[in-house]
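The lines below spell out each chain.
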Amino acid sequence: MKIAVCVSHVPDTAAKINIGSDGKTLDPNGVTFIVNPYDEFAVEEALKTKEKIGGETVAISLGGNANKETLRKVLAMGIDNAVLLKDDSYRDSFSVAKALAEEIKSQNAELVFFGKQSVDFDNSVVGQLTAEILGYNCISVVVSFSLEGNKITCEREIEGGKEIVETTLPALITAQKGLNDPRYASLKGIMASKKKEILEKQPAAANNSVEIISMKKPAPKQAGKILGTDATAVPELVRLLREEAKVI
Amino acid sequence: MANKILVFIEQRSGKIKKSSFEAVKTASDIAQKISGSVEAISIGNEIENLEKVGGFGAAKITHFKNADLENYSPSAYADIIAKYSTENNIDLFFFAASSMGKDLAPRVAVKTDSGLAMDCILLNCESNDIIATRPIYAGKAVIEIKLTSPKKVFALRPNVFNPGIPTDKKAEVSVVNISSPNLSVKVVDIKKSEGKIDVAEADIIVSGGRGMKGPEQFKLVEDLAQVLGAASGASRAVVDAGWRPHSEQVGQTGKTVSPNLYIALGISGAIQHLAGMRSSKYIVAINKDKDAPIFQVADYGIAGDVFEIVPAMIEEIKKIKS
Ligand SMILES: Cc1cc2nc3c(=O)[nH]c(=O)nc-3n(C[C@H](O)[C@H](O)[C@H](O)COP(=O)(O)OP(=O)(O)OC[C@H]3O[C@@H](n4cnc5c(N)ncnc54)[C@H](O)[C@@H]3O)c2cc1C
């Protein structure tokens, strides 16, 4: 079986975010990019599934040349093949999902893993959109995954607990932290990944329905009062919470 | 365009979630500005107090009923909403961006060919356009967006929009029995974390970090949470150390929360942690390092030892509560 995993290339979570001069985009200066943290869980689950049932894994990423860095990293973790859907232009989640769905279809992948969210635009929707476009069954925010024959059972994180969800192949799963412990790339894996070819393809042009009007930093929060250094400050703290903030 | 708005009413165990009332109220405020109308849809088995959505501004609610739909089924729920929307010429969809709403909204968007604005924290109208504000980069920036598609889906971050005080207006309730729903994806069971409030839904959160020194000392975090009726949360450092479950992690790779009050105990305030909680209405920090970055976002702080201050807080709060 062909197993696909879709990965995105995002600003490091430690990065300071600055806005570009157009007031609508991220200023990439000085920002390092990483494999989207949730996608590492997706990659690990794809690898574990292949180890169990055999088959072939392919990673797909949509974006500019820089995304090759992320593809190399997941190849080094053990993914067999990589495809870059090369497009530098702005795409909303829907346009991303359409391009990914197209590629998944042409790869004939029956099982697909995504991260539950990309930590740039934080929409948490590309997996579900892609599945819906493909007509695949989809379970999102998954913390445990099992495949027996055609049948899939997952635990999905919800407020205050977990849902046990069942479905069948073809399916798309979005990974939440807790699903597994992503492996580190071995030296051998890193060497092998350098020799692998990343297939470049041109996705169909974007057709966006989300127009960005502005991008701003949130209003800075004013640092508040330090009320003291020991327990004698506690009555004043509790009084402020009650009388000034009115939250308790 | 008639601007017909459909609000999805989420239920768990037959009870409507508060975030759905927030969505109805917000939809009805928007409807007034764009001369639209608001109706609601619910899916499940028995659901209590459906007519209550009337008090928040929905004139009617249609309840699609089937015993197999008591738990969530993404496939069935999306099909039902899409079919209803075609039959009733819906233009705009409102969801709460809860775990169910985040899963369902994009599916409905594909089925109805709608643009999608997720996790909105503010909606404004400008000459009949709805401008949505939403955080990106875990709240390190915000964008204003406009959907250019004819049909539109908005999912609202829970606990941000004020549901206001409901009127005693009752919505007209119609019940439609559904036979053989599409259960290709189906929740077969729910495991609840017993007796605990989830950080994503709490009005008050008490979180502990590495400064709590070890898993046993989290008893203090839980005790303070208990006297406040709060949820307990954690930094990633203590989740990765195995002191706390992942479901409690607040931050960029955990949960994004915006409670009325967030109390950080022995948490340094790394950028990834701040990303998840900085939009809390009030923030209190207890940390023995007065230069810890958490104090830069805290409204009130005590630069001292958690093991001295937290017990005193518990006593003081018990005192005022009795
Ligand atoms: C990709 C990525 C994603 C991440 N995502 C998240 C995330 O989602 N959430 C998150 O929280 N972190 C996240 N992090 C980790 C983050 O960078 C920090 O490492 C983490 O938040 C630190 O946790 P902490 O504040 O508990 O520990 P520390 O930074 O070690 O801080 C402990 C604090 O406790 C104080 N302290 C010690 N003893 C006492 C005492 N007796 N009384 C009072 N104060 C005391 C110290 O002064 C210190 O400030 C992420 C990191 C990466 C790389």
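Predicted, not measured: the structure shown is a model, and the values here were computed from it.

**With respect to the pattern of salt bridges**
Scanning all chains against the criterion turns up 43 salt bridges over all chains. Close ionic contact of Glu236 of chain A with Arg239 of chain A constitutes a salt bridge, the shortest N to O distance being 3.1 Å. With Glu236 of chain A and Arg239 of chain A both in helix 6 (residues 234–244) and three residues apart, the pair spans about one turn of that helix. Its relative accessible area of 36% is what places Arg239 of chain A among the partly exposed residues. Look at the salt bridges and you will find they share partners, linking Arg156 and Glu163 of chain A together with Glu10, Arg12, Asp103 and Arg107 of chain B into a network.

**Things to note about the nonpolar core**
In this structure, Phe145 and Ile152 of chain A together with Ile81 and Phe95 of chain B are the most contacted members of the largest nonpolar core, which totals 69 residues. Ignoring any residue separated from it by four or fewer positions in sequence, one finds Phe145 of chain A in contact with Glu45, Thr49, Leu111, Phe113, Ile152, Thr153, Cys154, Ile173 and Leu179 of chain A.

**Let's talk about the sheet that holds strand 8 (residues 151–158) of chain A**
The ten strands lie next to each other as 11(A)-5(A)-4(A)-1(A)-6(A)-10(A)-7(A)-8(A)-9(A)-13(B), forming an open sheet whose pairing is mixed. The open sheet is flanked by strand 11 (198–201) of chain A together with strand 13 (186–192) of chain B, the only strands paired with a single partner. With direction set aside, neighbouring strand axes in the sheet form an average angle of 30°. Where strand 1 (residues 2–6) of chain A meets strand 4 (residues 56–63) of chain A, five bridges bridge the pair, whose relative direction is parallel. Directly across from Cys6 of chain A, in strand 4 of chain A, lies its bridge partner Ile60 of chain A. Packing of helix 4 (residues 99–112) of chain B onto the sheet brings it into contact with strand 7 (137–148) and strand 8 of chain A, and relative to strand 8 of chain A it is tilted by some 125°.

**Looking at the domain arrangement of chain B**
Residues and elements named next belong to chain B. The domain boundaries assigned to chain B delineate domain 1 (4–177) and domain 2 (199–321). Look at where the C-alpha atoms of domain 1 and domain 2 centre, and you get two points 32 Å apart. Listed by partner, the interface residues are ten residues for domain 1 and twelve residues for domain 2. Buried surface at the junction of domain 1 and domain 2, both sides included, amounts to about 780 Å², of which 37% is carbon and sulfur. The three residues of domain 1 that bury the most area against domain 2 are Ala138, Lys140 and Asn159, which together make up 62% of that side's buried surface.

Parameters at a glance
- Residues numbered from 1 in each chain as written.
- Chains lettered and ligands numbered in written order.
- Predicted model: local features only at pLDDT ≥ 70, side-chain atom pairs only at ≥ 80, totals over all residues.
- Heavy atoms only, no water.
- Salt bridge = Lys/Arg side-chain N within 4 Å of Asp/Glu carboxyl O.
- Helix = DSSP H or I, 4+ residues; strand = E, 2+ residues; numbered from the N terminus.
- Buried < 20%, exposed > 50% of the residue type's maximum accessible area, 1.4 Å probe, protein only.
- Core = buried A, V, L, I, M, F, W, Y, C linked by side-chain atoms within 4.5 Å.
- Contact = heavy atoms within 4.5 Å.
- Pairing = 2+ DSSP bridges.
- Axes fitted to C-alpha atoms, helices over the stretch in contact; angles between N-to-C directions.
- Domains from an automatic or database assignment.
- Buried area = accessible area lost by both parts, 1.4 Å probe.

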